[in-house]
Structures are given as structure tokens and as C-alpha cells.
Amino acid sequence: MTEIAISGVSKSFSLGKGEIQALADIEITFPSGSFTALIGPSGCGKSTLLRLIADVFPPTTGSIRVGDHGPDAARLSHEIGFVFQDPTLLPWRNVVENVRLPAEVAKIAPRRDPAALTTLVGLAGFEEARPSQLSGGMQQRVAIARALALDPKVLLMDEPFGALDEITRQRMNMELLRIWKESGATAVLVTHSISEAVFMADTVVVLSANPGRVSEVISVDLPRPRRLDLMRDARFNSYENKVREALFGDDMKVPA
Amino acid sequence: MTPAGTLRSIAPPAAVMVALLALMEIAKAAGWLPITVPAPSQVVAVIPAQWDNLVYHAGGTLRSALLGYFAAACAALALASLALSREGAERPILSLGVLIDCVPLIALAPIFVIWIGQGSALYITIAGISSFFPLLLGTVQGFKATDRSTRELFHVMAANRWQRLRLLAVPSSLPYLFAAMKVAAPLALLGTLIAEWMGAERGLGAMILYALFSFNVPVVWLTIVTICGLSAGAYGLIALLEARIVNWGPKGVSGHG
Amino acid sequence: MADTAPHQADKRPSRYAESQERLAALGRFARFVAVVLVVVVVLWQGAISLLDIEPFVAPDPLSVGQALVQETDALAVALAYTLRSTVGGVALALVLAVSIAGLFTLSPLLSRALLPLIIMLRTAPILAIAPLLILIFGRGQTTSIVVVVIVSFFPIMVNAARGFASPKANALELMHVCGASWWQTFTRVRVPFALPFIFTGIRMASAGAVLSAMLAEWLSGAPGIGTLILEASSFRKLPLMWAGVVVSMITATAIYGLTVWMERRLSR
């Protein structure tokens, strides 16, 4: 079971002579196998939080637990899959070779078959294609397949579809839910989109900026599997409004 | 590129070349050109008589240029790894490179003549100095040419140093290395030529000077055409190699399609 | 991604901080040059005293300094000659290259036909044709200027052509929709977009320009600093030769530094 527990975490970066505090007093737990969305204005430190879980850098204070150990141990035992905002593919490798990369680095057999993963993300027939021959959406599918190659217990996604158009994005979100359900990983998604957060997540964590703090945690009690018609549901809209109110506070009140 | 596309991009410049040569030929026949500008046919006409001579001198130049080029490439690789492995070493090393690059070779040449005398050691040294800076710059830029998310990806995948070098740094530096190699090749030839002008028995530089002093105009032109041909050949060879090896599209790490 | 991460915050400093940064960079460069000079002189003197080097291999800094002082007039005259060829040649090349690159924007066919040839020639060791030019233009300053023009033309031309082609389609379409003439589009859009590219071309050309002028003088025997160095060397006036070398190095570095500075001023 891979629960992610973050307690008393803050993170500061030195900037020139000064210092900026990106995160302060973060206290959250992501239950095992859950899907959590992190949402907040620019500068609220949501990408930083994701990178702390991935052990890209350590927290300034506080502690993070991924499953039974720290983020570093989780990373070193290849339990973390990370999807960046850019596809971040190696242009000299074709699709399957890109998907196989994590296994190659870990020097173990892929825990999931790269060809099957390519099919899973809807790229059957493109195994031999180079990234430059694919559209942005297709490249991002490859990045997701790569993140799943070692069957990670934790799937971290930093605005993975931020650069895609709305239509592609909706379709990718549906597929992502299907893939996540099938993988059983604990997923954390950073997003700028309120409807995306509500549609995808069990829990929406709303962050406020300067420094980044958790301003509200909203559980989304909507049935799965979720389909696009859910967006017409009144409950969906009321969750969206809750998130919106948490983000904009007093600005949301109707002026008298 | 499709064959038709290749033809479309090659045809206009080729047509201009042919037209220019024809124009020169006609202008010469009409007597519009000075005695110092021969007709292309006159240059071609001296090839049979000069062939052995040309091969002999071109061989000397090519050898010096190649050795200088390889020495420069080794020095560039060594200095680039030093620049990248020590914190703060990059700026002074690159500044030194710029300094060497903008010192006029012709000012250095006489000093090297005193130090190492005339002969192939001199030609190789000057060829190396002449082609050094682009190689250094290309190597440093190449090994820095990875973006932040790719580096983070390798960190999250827990890649070790060797894997980062082999799977990331080396492939992503290749486009830069090839670009630098293409720029440096003609420079190595030019450096050799300048060194040979300081006084040489063998080499295209010597051949030009002989022809110049004996006012053998077609041979001067022939020699210079040969140098340009060698340089274009070196460039083309590297470009061909590049096309074979760097075959993953124009951009580095691909963005949004 | 506009999220908190240190490297992104520090990528967009304020204008003030930026100019401070440039000033600091200039200061660092000046300090670097000064340090290099001092180190070179100290090492030079040290090597000569320690290793007991013959004056014929390398004279000591003092006698080079003496030569610099004693032969100031000769050096200044020679340097002025070389600088005239260099600056005149680069200026002429600039006018030619920018005009021709401008013409290319008028006709895609012209540019398709000539640009590949120009790019090809740009990679050729153009300086190799210096003997030819001496043959054609004789042994005066004209030859030096022509050599500098030909060597400087290609980098400026290629960059200018790239610059004139650099405006986004949107900007050109906007001008078209406004009913602008070719000339208006050229002066209002293409020229401003191309300026940084042109200055990059000038910087690239300047490094080779001093060398080209010196080489042309040397091959043709014109009275510039290149000839001075070689004559001093053949008459075994070694301190004078070294003085000439030092002067030409400083000149070339200064010209290069000047063009880098101009380029930076313009491309922000």
C-alpha cells in the first residue's frame, strides 16, 4: 500500500541574495490508490510540492513519506512515475524505445511490456515513430506510457495536458482515468483547470500563493467510472463552485 | 526530402553557377576581362599538366590540416570537460577561447616560426589554433544542451552519472558537435594555408605563391579552386555523416506538435 | 508552467537589475583582461629570467615596452593603415550585404537561387582567394579593402538575410492588412527585426576582418601592421616584431569587444 504523507513541510529557494518561500506548513495525506488534484494560482508551489514527493529536491523542513519509506528510497527503487508538462521525450529514440527507457536505466526487465503500454495509451502502430513525427497529444501519451513502464506505485503529473487543446485534453483525461484505475497507483495531478480537477480527482487540494499553503481540501464524492456526461450533473457543478469559491474567496460573492 | 524537392532546391543555384561560368567564358572571349582573370576553360586546360603537382601539394596541405584539426578537437574535448566539471571554470575557459580566436593568426605565425621553425609542425599548430575555438564552443554548448525537465526525468529515474552521459548528454550534444565540426574544417585548411605562406616547400599555399611569382594566372586560380573544393568536400563529408547519425528531426528535445 | 521554481523566477529580472547585471559583466570582462595581461607579463618575465631564455626566442617585456615607446610613430602609422582597411572594408561589406539581403526579400526566386551559393561560400576559406585579389587589384590599399569586404560580406549577408526573414507571418500579415507598401513593411517590420541579426553578423565579421586586412597587407607588401611585423621579423628586430604582435592583438580584441558590446546593446 502506498500512501503519501506530508507533514509540516516547507520549502524555500535561495534567489540571489534573498530567499523565497515556495511552500509553508503543508500537512496532507494522499490515501493509497487515490487520485488527488492540486490546484491553485501561479506561484502557489504546486509543482514544487510534486517535485518534493518525487525527491527532485528535499524539503527545507518537515518530512514526507511515500509508502513505508522516504521519497529518496521510493525514487531509487523506481516506484515513482513522473509526467512533465512538456513531453520530455528523447528525440533520438522511437516511441517504444522511449517507453523502455526507465527499465533500461533501472537495469531491470520492464515491469510492463512497452509494446502493450504503447497500445494502452492508444498508439498502436506508432511503435517505430520518432517523437518529431507525432502531434503534441501523441507525444504526451508516450510520456504517460513511459511513466507507467515500471508499474509505479505513485504517479505524479505536472499539468500533463496544459499545452493541449480543450478537445484533446478531455479525451486524454478520460483515458488517463481508465489507465490509472487499471494501474492502481496513487495519483497526484497538478492542474490549472477547475473542471479538470473535479472531473479527475477524489480529492481536490486548493493551494493559495505567497507562500504556498493548503487553503482547502475538498472531497469529490462522485461515482466512478466517470464519463463526460457527468459534467452536466448538478453535483459536478456544485463541486466546481466549491473549488472556485476556495480559489477566489470574497471575489465570488455577488455584490449587493 | 523527395527527389523532386531536392531538384527544386538544387536547380536554381546550379543554374546560377552554370550561367556565371558561361558568362565568364563569353566575357573572356570578348576580351572584357583583364589578363588576371582567365576563362574557366583556360583553368581546366592546365589541369592535365598540373595534376601531379596539384596532388602532391594538396596531399601536404590536407595532412597538416587533418592533424591540426584532430589535435584541436582533442584539446577542445579536454578543455570542455574541464570547463564543465569544475564549478566556475566554464567562463574563464571560454573567455580564453574567445581571446585566442580574435588574435590575428598572422600575428602569431611569425612567433611560431621562431619557436618551432618551418615545417609540418608549424602548419599543424597553426591549423589547430585556427580551428580550435569553434570546436571548444560547440563541445561546451553541446554538453549543456539538455533542458531542465529532461534532467529531472533522469533524476527521478535514478540514473547514474554514466547513464546520464551515455543516454542523455552524448546524444543531445551531437547536433552541436557536428555544427562545430563543419565550421572548423575550412578553418583548419585556411590555417594550414596561412602557415604555408610563411614559407613552405610543399603544400597548396606554396603552390599558390610559386604560381603568383611566376605570374601563372590559371594555376593560381586552379589552386584556389582546389582549396575551395577540398573545404567543401570536408564540409560535405561531415554533413553527410551528420545526416546519417543525427537523424531525429530538427529540434533537440521535441516540443508540441 | 508558471509555478514556483527558482530558475524561472530569476529568468525575468527587472530592467534595472538587468542593466546592473550587464555593467557587472563588463566589469568582470575588464577585470579578466587586466588579470590576463598582468599574469602574461609576470609569467613572461618570470620565464625569461628563470629559464634563461635567449632574447631571440622571446624578448623580455621591458625591451618590448621600449620598442613600443621608441617606435610609436611607425606602429601608429602602420596601425592606422590597417584600421582604415578594416573599418572601410567592414563598412562597405555592411552596406553591400544589407542591400543585397534586402533585395532578397523582394524575390523568393532570387533568394532560392543565390542564398545557397552564398551560404556555401560562407563556409569556404574565403581568405584563400587573397592572392587572386592581389593579382587583380594590385598592391595598394584597394586590395586590402577588397579582401576585408569579401571576407566580411558573407557572415553579414547570411545573418541579414536570416534577420529579414525572421518576422513572424503575423507581423507581415498585419502590415499587408493595413495596406502597407513593400518599403513600409521593410522599414517598419523587417529592419527592426533584422537589426540584432545584422549586429551578430558584424561581430562575426569583425573577428576575421583584422586578420584579413593584415594578411592582405602582408601578401601585397602594403604598409600596415601585418607587413611591419613580418619585416621586423625578417630584419631580426625582434622587440619591434613583438611590439607589433602585441598592438595587433590588443586592437583585434578591442574591436571584437566593441562589436560584442554593440550587439548586446541592440539585442534586448
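Residues numbered from 1 in each chain as written. Chains lettered and ligands numbered in written order. Predicted model: local features only at pLDDT ≥ 70, side-chain atom pairs only at ≥ 80, totals over all residues. Heavy atoms only, no water.

Undergrad: Help me understand the overall build of chain C in this model?
TA: The helix and strand tally for chain C stands at 11 helices and 0 strands. Written out in order from the N terminus, the α and β elements of chain C read α-α-α-α-α-α-α-α-α-α-α. Relative to the globule expectation of 18 Å for 268 residues, the C-alpha radius of gyration of chain C, 23 Å, shows a markedly less compact shape. For the C-alpha atoms alone, the extent of chain C along its principal axes is close to 75 × 60 × 30 Å. Of all intrachain contacts in chain C linking residues separated by at least 6 positions in sequence, the fraction that spans at least 24 positions is 73%. (Helix = DSSP H or I, 4+ residues; strand = E, 2+ residues; numbered from the N terminus. Rg over C-alpha atoms; globule rule 2.2 N^0.38 Å. Contact = heavy atoms within 4.5 Å.)

Undergrad: I keep staring at the packing of aromatic side chains and nothing clicks. Help me out?
TA: In this description, a pair of aromatic rings is defined by centroid distance and the angle of the planes. In this structure the tally under the stated criterion is 12 aromatic pairs over all chains. Taken together, a centroid distance of 6.0 Å and an interplanar angle of 25° make the contact between Trp183 of chain C and Phe186 of chain C stacked. Within this pair, Trp183 of chain C and its partner Phe186 of chain C are both found in helix H9 (residues 182-220), separated by 3 residues, close to a single helical turn. For Trp183 of chain C, a relative accessible area of 52% corresponds to the exposed category. Residue Phe186 of chain C is classed as buried on the basis of its relative accessible area, which comes to 9%. Here the aromatic cluster, defined as three or more aromatic residues joined through ring pairs, consists of Phe164, Trp182, Trp183 and Phe186 of chain C. Taking NZ or CZ as reference, Arg202 of chain B lies 4.4 Å from the ring centre of Tyr56 of chain B, over its face. (Phe/Tyr/Trp six-rings, centres within 6.5 Å; stacked < 30°, edge-to-face > 60°. Buried < 20%, exposed > 50% of the residue type's maximum accessible area, 1.4 Å probe, protein only. Lys NZ or Arg CZ within 6 Å of the ring centre and 35° of its normal.)

Undergrad: Honestly, the interface of chain C and chain B in this entry has me stumped. Any pointers?
TA: Facing 41 residues of chain C, the contacting portion of chain B comprises 42 residues. Together chain C and chain B conceal approximately 4,000 Å² of surface at their shared face, both sides included; 84% is due to carbon and sulfur atoms. Where chain C packs against chain B, one counts 0 salt bridges. Applying the counting criterion to the chain C and chain B interface returns 0 residue pairs in polar contact (both at pLDDT 80 or more). (Buried area = accessible area lost by both parts, 1.4 Å probe. Salt bridge = Lys/Arg side-chain N within 4 Å of Asp/Glu carboxyl O. Polar contact = N/O pair within 3.5 Å; in protein donor to acceptor, adjacent residues only side chain to side chain.)

Undergrad: How should I be thinking about the pattern of salt bridges in this particular structure?
TA: Pairing is possible between side chains of opposite charge, provided their charged atoms come close. Following the criterion strictly, the structure yields 17 salt bridges over all chains and no others. Put simply, Arg112 of chain A and Glu182 of chain A hold a salt bridge, and the shortest N to O gap is 3.1 Å. One end of the pair, Arg112 of chain A, is in the loop between helix H3 (95-106) and helix H4 (114-120); the other, Glu182 of chain A, is in helix H6 (residues 166-183), with 70 residues separating them in the sequence. Its relative accessible area of 17% is what places Arg112 of chain A among the buried residues. Via salt bridges that share partners, Arg51 and Asp158 of chain A together with Arg148 and Glu152 of chain B belong to a single interconnected network.

Undergrad: What is the right way to look at H6 of chain A in this model?
TA: Along an α-helix, residues three or four positions apart point the same way, because every turn accommodates 3.6 residues. Residue and element names in this part refer to chain A. In this model H6 runs 25 Å from its N-terminal to its C-terminal C-alpha over 18 residues, within 8% of the 26 Å that 1.5 Å per residue would give. Listed as buried for H6 are Arg169, Gln170, Met172, Asn173, Glu175, Leu176, Leu177, Ile179, Trp180 and Ser183. In the core, the buried residues of H6 are packed alongside strand E3 (35-39), H4, helix H5 (136-148), strand E6 (154-158), strand E7 (186-191) and helix H7 (194-200). Backbone nitrogen of Ile167 and a side-chain oxygen of the N-cap are separated by 3.1 Å at the start of H6; the cap is Asp165. (Expected span 1.5 Å × (residues − 1).)

Undergrad: I would appreciate a short explanation of the sheet that holds strand E4 (residues 61-66) of chain A in the present structure.
TA: Paired through their backbone hydrogen bonds, the strands of a sheet run either parallel or antiparallel. Residue and element names in this part refer to chain A. Here we have 3 strands laid out as an open sheet, ordered E2-E1-E4, and antiparallel in their pairing. Every other strand in the sheet has two partners, leaving strand E2 (18-30) and E4 as the edge strands with one partner each. Each adjacent strand pair in this sheet contributes to an overall mean axis angle of 30°, direction not counted. One ladder, built from 9 bridges, connects strand E1 (residues 4-15) with E2; its direction is antiparallel. (Pairing = 2+ DSSP bridges. Axes fitted to C-alpha atoms, helices over the stretch in contact; angles between N-to-C directions.)

Undergrad: Any chance you could explain helix H3 (residues 61-70) of chain C here in plain terms?
TA: Residue and element names in this part refer to chain C. Taken together, the buried positions of H3 are occupied by Pro61, Ser63, Val64 and Ala67. Taken around the axis of H3, the buried residues stretch over an arc of 165°, which confines them to a single face. Exposed positions of H3 whose direction lies more than 90 degrees from the buried face are Leu62, Val69 and Gln70. (Arc of directions from axis to C-beta.)

Undergrad: Explain the pairing of strand E5 (residues 80-83) of chain A here, please?
TA: Working note: regular strand, side chains alternate between the two faces of the sheet. Residue and element names in this part refer to chain A. The alternating pattern of E5 places Ile80 and Phe82 on one face and Gly81 and Val83 on the opposite face, and all of these are buried. Across 4 bridges, the pairing between E5 and E6 is parallel. Pairing of Phe82 across the sheet is with Leu156, part of E6.

Undergrad: Looking at this model, I keep getting lost on the confidence of the model for chain C. Mind explaining?
TA: The predicted coordinates ought not to be read in detail in places where the model reports low pLDDT. Residues and elements named next belong to chain C. Per-residue confidence for chain C averages 82 on the pLDDT scale, and 91% of its residues sit at or above 70. The least confident element of chain C is helix H1 (residues 6-9), whose mean pLDDT is 39; the most confident is helix H4 (residues 72-106), at 92. The low-confidence segment residues 1-13, where pLDDT is below 50, has 27 contacts with residues more than four positions distant or belonging to other chains. Here the predicted complex scores 0.81 on pTM and 0.88 on ipTM. (pLDDT = per-residue confidence, 0-100.)

Undergrad: I would appreciate a short explanation of the side chain of Thr139 of chain B in the present structure.
TA: By the secondary structure assignment, Thr139 of chain B is in helix H6 (residues 120-143). With near-sequence residues (within four places) excluded, Thr139 of chain B lies in contact with Ala76, Leu77, Ala80 and Leu177 of chain B.

Undergrad: It is not clear to me how the UniProt feature "transmembrane region" (unreviewed entry) in chain B should be interpreted in this structure. Could you clarify?
TA: Residue and element names in this part refer to chain B. Here, UniProt's "transmembrane region" (unreviewed entry) annotation points to residues 66-84, 96-116, 122-143, 174-199 and 219-241. Within the segment residues 96-116, helix and strand shares are 90% and 0% respectively, and the terminal C-alpha atoms sit 23 Å apart. For residues 122-143, the helix share is 100%, the strand share is 0%, and the end-to-end C-alpha distance is 31 Å. (UniProt positions renumbered as here; feature names shortened; annotations may be inferred.)

Undergrad: Looking at this model, I keep getting lost on the nonpolar core. Mind explaining?
TA: As a rule of thumb, nonpolar side chains are buried together in soluble globular proteins. Ranked by size, the top nonpolar core spans 100 residues in total, and within it Trp197 of chain B together with Leu215 of chain C carry the most contacts. Residue contributions to this core peak at 13 residues, all from H9 of chain C. Apart from the residues lying within four places of it in its own chain, the contact partners of Leu215 of chain C are Ile106, Ile194 and Trp197 of chain B together with Leu127 and Ala130 of chain C. (Core = buried A, V, L, I, M, F, W, Y, C linked by side-chain atoms within 4.5 Å.)

Undergrad: Hey, could you run me through the UniProt feature "transmembrane region" (unreviewed entry) in chain C in this one?
TA: Residues and elements named next belong to chain C. As recorded in UniProt, the feature "transmembrane region" (unreviewed entry) lies at residues 29-51, 87-106, 113-137, 143-165, 193-220 and 240-262. Across residues 193-220, the secondary structure splits into 100% helix and 0% strand, with the terminal C-alpha atoms separated by 40 Å. The straight-line gap between the two end C-alpha atoms of residues 240-262 is 33 Å; of that span, 100% is helix and 0% is strand.

Undergrad: I would appreciate a short explanation of the confidence of the model for chain B in the present structure.
TA: Residue and element names in this part refer to chain B. When the pLDDT values of chain B are averaged, the result is 87; 95% of them are 70 or greater. When mean pLDDT is taken per element in chain B, helix H3 (residues 47-85) scores highest with 93 and helix H4 (residues 90-102) scores lowest with 82. Here residues 251-257 is modelled with pLDDT under 50, and outside its nearest four sequence neighbours on either side it reaches 21 contacts, counting other chains as well.

Undergrad: Just to check I follow, could you spell out the domain arrangement of chain C for this structure?
TA: How big an interface is tends to be stated in terms of accessible area lost as the parts join. Residue and element names in this part refer to chain C. For chain C, the domain assignment lists domain 1 (1-53) and domain 2 (60-267). On the domain 2 side, the residues contacting the 6 residues of domain 1 number 7 residues. Carbon and sulfur atoms make up 80% of the surface buried where domain 1 meets domain 2, a total of about 620 Å² over both sides. Summed over the shared surface of domain 1 and domain 2, the result is 0 residue pairs in polar contact (both at pLDDT 80 or more). Residue classes in the side of domain 1 that touches domain 2 are distributed as 4 nonpolar, 1 polar and 1 charged. (Domains from an automatic or database assignment. Nonpolar A, V, L, I, M, F, W, Y, C, P; charged D, E, K, R; others polar.)

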